[in-house]
Amino acid sequence: MSTDTVERAPKRLLRDRLPVVHQLRQSVGLQRGMLVAGLVITAIFVLVAILAPVIAPYGFAQLRDDQGLFGSSQPPSPEHIWGTTVGGYDVLSRVLWGAQTALLVIVVAVILSLFAGVLLGLFSGYLGGWLDRVLVVICDAIYAFPALLLAIVVAIVISGGQSSLLGGVVAAAISITVVFIPQYFRVIRAETVRIKAEAYVESAKVLGASSSRIMFRHVLRNATRTLPLIFTLNSSEAILTLAGLGFLGFGIEPTSGAEWGYDLNKSLADVSSGIWWTALYPGLAIVFAVLGITLVGESLNDLADPRLRGRRRVAQSAGEVAETSVVPGGTLDAGPGGLAGLEDGESFEEHGIEVKP
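Note that the coordinates shown come from a computational prediction; the quantities given were computed from them, not determined experimentally.

Parameters and conventions
- Residues numbered from 1 in each chain as written.
- Predicted model: local features only at pLDDT ≥ 70, side-chain atom pairs only at ≥ 80, totals over all residues.
- Heavy atoms only, no water.
- Helix = DSSP H or I, 4+ residues; strand = E, 2+ residues; numbered from the N terminus.
- Buried < 20%, exposed > 50% of the residue type's maximum accessible area, 1.4 Å probe, protein only.
- Contact = heavy atoms within 4.5 Å.
- Areas by Shrake-Rupley, 256 points an atom, 1.4 Å probe, with all protein chains shown as cover.
- Core = buried A, V, L, I, M, F, W, Y, C linked by side-chain atoms within 4.5 Å.
- UniProt positions renumbered as here; feature names shortened; annotations may be inferred.
- 1 Å grid on protein atoms, 1.4 Å probe; cavity = no way out; pocket = protein on both sides within 12 Å on 5 of 7 lines; lining within 4 Å.
- Points joined across faces, edges and corners; volume = space filled by probe spheres on them.
- Nonpolar A, V, L, I, M, F, W, Y, C, P; charged D, E, K, R; others polar.
- Salt bridge = Lys/Arg side-chain N within 4 Å of Asp/Glu carboxyl O.
- Axes fitted to C-alpha atoms, helices over the stretch in contact; angles between N-to-C directions.
- Left-handed = near helix turned anticlockwise from the far one by under 90°.
- Phe/Tyr/Trp six-rings, centres within 6.5 Å; stacked < 30°, edge-to-face > 60°.
- Lys NZ or Arg CZ within 6 Å of the ring centre and 35° of its normal.

**Description of the overall build of the protein**
Stage number 1. Secondary structure assignment for the protein yields 15 helices and 6 strands.
Stage number 2. Counting the 357 residues in the protein, one finds 38% classified as buried.
Stage number 3. For the protein, restricting intrachain contacts to residue pairs at least 6 apart in sequence, the fraction spanning at least 24 positions comes to 67%.
Stage number 4. When the accessible surface of the protein is totalled, it reaches about 20,100 Å², and 64% of it is carbon and sulfur.

Right, dumping it as structure tokens:
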């Protein structure tokens, strides 16, 4: 009797199983470059938001220092590297503090919409019946409504249009949450409807498992695999929605918190007067924050697609076969129409057509 034992495949390290690390190891070429660039930009945005109280030279609503007032619409100088606004605020400080406001809104809005959308989609898809029909109609109606207009209406209802930092963040987050809930609902509901027909779910029912145990133990775990992709894409949408609310005057008051959309709104009159710095830096902050998160989301979305992920393996396999295959005329080194060397003197022209001497 043989004593040989089957060797088990080595278990992957914990760091290799992390979502972003795993996708980073899968990526290649331009796709990896996009993912790395997105991760770097997003990391800088998060660090700036967290360290804003430390690295910002002044407060977001500070108008003076020991030397006196900053002055209105002052050009860039050693004291104010990015100049001052028409209201007398330091532009650099406003941009840095605005990153903190944007991060707070993203975290609150996406977490609220995740919980609400996932729970509603789970119950709707698993229970079905009249509850499913009602929720589908409501979410489709919300999804068809213009997102920014819906956020404006909700912001007015909650806070009257403007409020303090906490009230403004909560109002903007809830406004964005209402817009995002249908997206999570539709994804989770579709996955739940598919998963509840699987054999292991039917087996759990036969064994007497309760509906709540099946939903949260078996269905939910397998229905949330695409949520990281939606999370990253919705984070960039949250920044744009917040900026839109502030630009239209439904955001946070300048004395309560810094917000990029509000600063852009106040800089419109400055541009025609040649004062470019009040609009340039808040606009670039919005562009780079959205760009970084979008690059991460799009890269993860591409890597989650088996067809796109398989291109690398196909290309590598084709190269290995070409180098190692043995044919009557030698190794595989021909054009698209056939194999070189099958007959003496044959070759392929630039369009892949076989040419005989």
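**Side note on the nonpolar core**
The tendency in soluble globular proteins is for nonpolar side chains to be buried as a group.
Stage number 1. Residues Phe45, Ile106, Val219, Ile239 and Trp260 are the most contacted members of the largest nonpolar core, which totals 52 residues.
Stage number 2. The element contributing the most residues to this core is helix H5 (residues 91-127), with 12 residues.
Stage number 3. Dropping the residues within four chain positions of it, Trp260 is found in contact with Phe45, Arg94, Val95, Gly98, Ala99, Ala102, Ile239, Pro282, Ala285, Ile286 and Ala289.
Stage number 4. With 6 residues, the next largest nonpolar core counts Ala56, Phe60, Leu92 and Leu96 among its residues.

**Overview of the UniProt feature "transmembrane region" (unreviewed entry) in the protein**
Stage number 1. UniProt records the feature "transmembrane region" (unreviewed entry) for residues 34-56, 102-127, 134-158, 164-185, 227-252 and 275-297 in the present numbering.
Stage number 2. A helix fraction of 91% and a strand fraction of 0% characterise residues 34-56, whose end C-alpha atoms lie 29 Å from each other.
Stage number 3. What you have in residues 134-158 is 92% helix and 0% strand, and the ends, taken at the C-alpha atoms, are 25 Å apart.

**What about the layout of surface pockets?**
Unfilled space is identified by rolling a water-sized probe across the atoms.
Stage number 1. When its volume is computed, the second largest pocket comes out at roughly 260 Å³.
Stage number 2. Taken together, 14 residues line the second largest pocket, and the ones lying closest to its centre are Ile44, Val48, Val95, Ala285 and Phe288.
Stage number 3. The set of elements that each furnish at least two residues to the lining of the second largest pocket consists of helix H3 (29-50), H5 and helix H14 (277-304).
Stage number 4. In terms of residue class, the lining of the second largest pocket is built from 14 nonpolar, no polar and no charged.

**So, empty space enclosed by the protein**
Stage number 1. One pass over the full model with this rule turns up 2 cavities of 30 Å³ or more.
Stage number 2. In this structure, the second largest cavity occupies an estimated 40 Å³ of space.
Stage number 3. Forming the walls of the second largest cavity are Gly98, Ala102, Ile239, Leu242, Ala243, Ala258, Glu259 and Trp260.
Stage number 4. Put simply, the parts of the chain that give the lining of the second largest cavity at least two residues each are H5 and helix H11 (227-247).

**A look at the pattern of salt bridges**
Stage number 1. Inspection of every chain in the model, using the stated rule, returns 4 salt bridges.
Stage number 2. Here Arg94 ties to Asp263 by a salt bridge, and the two come within 2.9 Å at their closest N and O atoms. You can see Arg94 sitting in helix H5 and its partner Asp263 sitting in helix H12 (residues 260-266), a full 169 residues away along the chain. The same class applies to Arg94 as to Asp263, namely buried.
Stage number 3. Residue Arg189 is joined to Asp132 by a salt bridge in which the shortest nitrogen-to-oxygen separation is 2.7 Å. Taken together, the positions of Arg189 in helix H8 (residues 165-195) and Asp132 in helix H6 (residues 129-144) put the pair 57 residues apart, joining distant regions of the chain.
Stage number 4. When its relative accessible area of 25% is taken as the criterion, Arg189 is described as partly exposed.
Stage number 5. On the accessibility criterion, Asp132 (12% relative accessible area) is buried.

**What about the packing of H5 against helix H10 (residues 211-223)?**
Stage number 1. At their nearest, the axes of H5 and H10 sit 11 Å apart, and the two run at 115° to each other. Considering the relative orientation of H5 and H10, their crossing is right-handed. Across from Val118, Leu119, Leu122, Phe123 and Tyr126 in H5, the residues of H10 making contact are Ser211, Ile214, Met215, Phe216, Val219 and Leu220.
Stage number 2. Split into classes, the residues belonging to the contact of H5 with H10 amount to 10 nonpolar, 1 polar and no charged.

**Structural notes on the environment of Val201**
Stage number 1. Examined against the element boundaries, Val201 turns out to sit in helix H9 (residues 199-206).
Stage number 2. Take Val201: its relative accessible area is 0%, and that puts it in the buried class.

**Focus: the side chain of Ser267**
Stage number 1. Secondary-structure assignment places Ser267 in the loop between H12 and helix H13 (268-271).
Stage number 2. Note on Ser267: relative accessible area 1%, which makes it buried.
Stage number 3. If we ignore the near neighbours within four places in the chain, the residues touching Ser267 are Thr278 and Ala279.

**What about the packing of aromatic side chains?**
Stage number 1. Applying the stated criterion across every chain, the model contains 7 aromatic pairs.
Stage number 2. Summarising the aromatic geometry, the rings of Phe60 and Trp97 are spaced 5.5 Å apart at their centres and angled 70° between planes, so their arrangement reads as edge-to-face. Separated by 37 residues along the polypeptide, Phe60 in the loop between helix H4 (52-55) and strand S1 (64-65) and Trp97 in helix H5 bring together distant segments of the chain.
Stage number 3. Residue classification places Trp97 among the buried positions, given a relative accessible area of 16%.
Stage number 4. For the pair Trp82 and Tyr281, a centre-to-centre distance of 4.2 Å together with 5° between the ring planes defines the contact as stacked. Taken together, the residues Trp82 in the loop between strand S2 (68-69) and H5 and Tyr281 in helix H14 connect sequence positions 199 residues apart.
Stage number 5. For Trp82, a relative accessible area of 25% gives the class partly exposed.
Stage number 6. According to the relative accessible area criterion, Tyr281 is buried, its value standing at 16%.
Stage number 7. Through pairs of rings, three or more aromatic residues link up here, namely Trp82, Trp276, Trp277 and Tyr281.
Stage number 8. In this structure, Arg94 packs its charged tip against the face of Tyr89, placed 5.2 Å from the ring centre.

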